[in-house]
Amino acid sequence: MDLTFDRRDEKESMAILHFLKTQKGVTSFIVKKLPQIYADGNANSYKKRFICQNFSSTYVFHNNYSVKASFVETTN
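Please read these numbers as outputs of a predicted model, since none were measured by experiment.

## Some remarks on the nonpolar core
In step 1: Formed by Ile-16, Leu-17, Leu-20, Phe-29, Leu-34, Phe-50, Cys-52, Val-67, Ala-69 and Phe-71, the largest nonpolar core amounts to 10 residues.
In step 2: Of all the elements in the fold, those that place two or more residues in this core are helix 1 (10–23), strand 3 (48–61) and strand 4 (64–74).
In step 3: When neighbours within four sequence positions are excluded, Val-67 is seen to be in contact with Leu-3, Thr-4, Phe-5, Ser-13, Ile-16, Leu-17, Ser-56 and Ser-57.

Shown next, in the form of C-alpha cells:
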C-alpha cells in the first residue's frame, strides 16, 4: 500500500520520518481503524500489521513537506 502524506508541516513530517526510521524497515507495527475494505471477517478486522522499507520526504516550500511511504502487510 503506497501512501502520501501531503501538506505536512516540518514538525509532523519529521515525526513521521522519525517513526519510520526507528522501525528500520524490519520492525512491524499495527495500524488501527483501517477502512472497511480491509476487513477480513474477524474481531480484529480493522487493524493490520505492516512494515515500511521504502519512504522519502520532499520539501515543497516553507513549512510544507510531502512524505511518501510504501507499506507491506505482514503477520509478525
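## Quick look at the layout of surface pockets
In step 1: Taken as a whole, the largest pocket holds about 160 Å³ of empty space.
In step 2: Lining the largest pocket are Met-1, Leu-3, Phe-5, Ile-16, Phe-19, Leu-20, Phe-29, Val-31, Leu-34, Phe-50 and Phe-71.
In step 3: When residues of the lining of the largest pocket are assigned to their parent elements, the largest contribution, 3 residues, is made by helix 1.
In step 4: Residues that form the lining of the largest pocket fall into these classes: 11 nonpolar, no polar and no charged.

## With respect to the pattern of salt bridges
Opposite charge on two side chains makes pairing possible when the charged atoms of those side chains draw close.
In step 1: The full count for this structure, using the stated rule, is 1 salt bridge.
In step 2: For the salt bridge of Glu-12 with Arg-8, the shortest nitrogen-to-oxygen distance reads 2.9 Å.

## Focus: helix 1
In step 1: For helix 1, with 14 residues, the first-to-last C-alpha span of 20 Å sits near the 20 Å given by 1.5 Å per residue.
In step 2: Inspection of helix 1 places Ser-13, Ile-16, Leu-17, Leu-20 and Gln-23 among the buried residues, and these make up the whole buried set. Down the axis of helix 1, the buried side of the element spans an arc of 125°, and every buried residue falls inside it. Within helix 1, the exposed residues directed more than 90 degrees away from the buried face are Lys-11, His-18 and Lys-21.
In step 3: Taken together, the buried residues of helix 1 touch strand 1 (2–8), strand 2 (29–31), strand 3 and strand 4.
In step 4: You can read the cap of helix 1 off the contacts: a side-chain oxygen lies 3.2 Å from the backbone nitrogen of Lys-11, and it is on Asp-9.
In step 5: The first or second residue beyond helix 1 is Lys-24, which carries a positive phi of 55°.

## Some thoughts on the environment of Ser-57
In step 1: Note on placement: Ser-57 falls in strand 3.
In step 2: Between the alpha carbons of Ser-57 and Pro-35 there is a distance of 25 Å; along the sequence they are 22 residues apart.
In step 3: The residues contacting Ser-57, other than those within four sequence positions of it, are Leu-17, Tyr-65, Ser-66 and Val-67.

What counts, and where the lines are drawn
Residues numbered from 1 in each chain as written. Predicted model: local features only at pLDDT ≥ 70, side-chain atom pairs only at ≥ 80, totals over all residues. Heavy atoms only, no water. Core = buried A, V, L, I, M, F, W, Y, C linked by side-chain atoms within 4.5 Å. Buried < 20%, exposed > 50% of the residue type's maximum accessible area, 1.4 Å probe, protein only. Helix = DSSP H or I, 4+ residues; strand = E, 2+ residues; numbered from the N terminus. Contact = heavy atoms within 4.5 Å. 1 Å grid on protein atoms, 1.4 Å probe; cavity = no way out; pocket = protein on both sides within 12 Å on 5 of 7 lines; lining within 4 Å. Points joined across faces, edges and corners; volume = space filled by probe spheres on them. Nonpolar A, V, L, I, M, F, W, Y, C, P; charged D, E, K, R; others polar. Salt bridge = Lys/Arg side-chain N within 4 Å of Asp/Glu carboxyl O. Expected span 1.5 Å × (residues − 1). Arc of directions from axis to C-beta. Polar contact = N/O pair within 3.5 Å; in protein donor to acceptor, adjacent residues only side chain to side chain.

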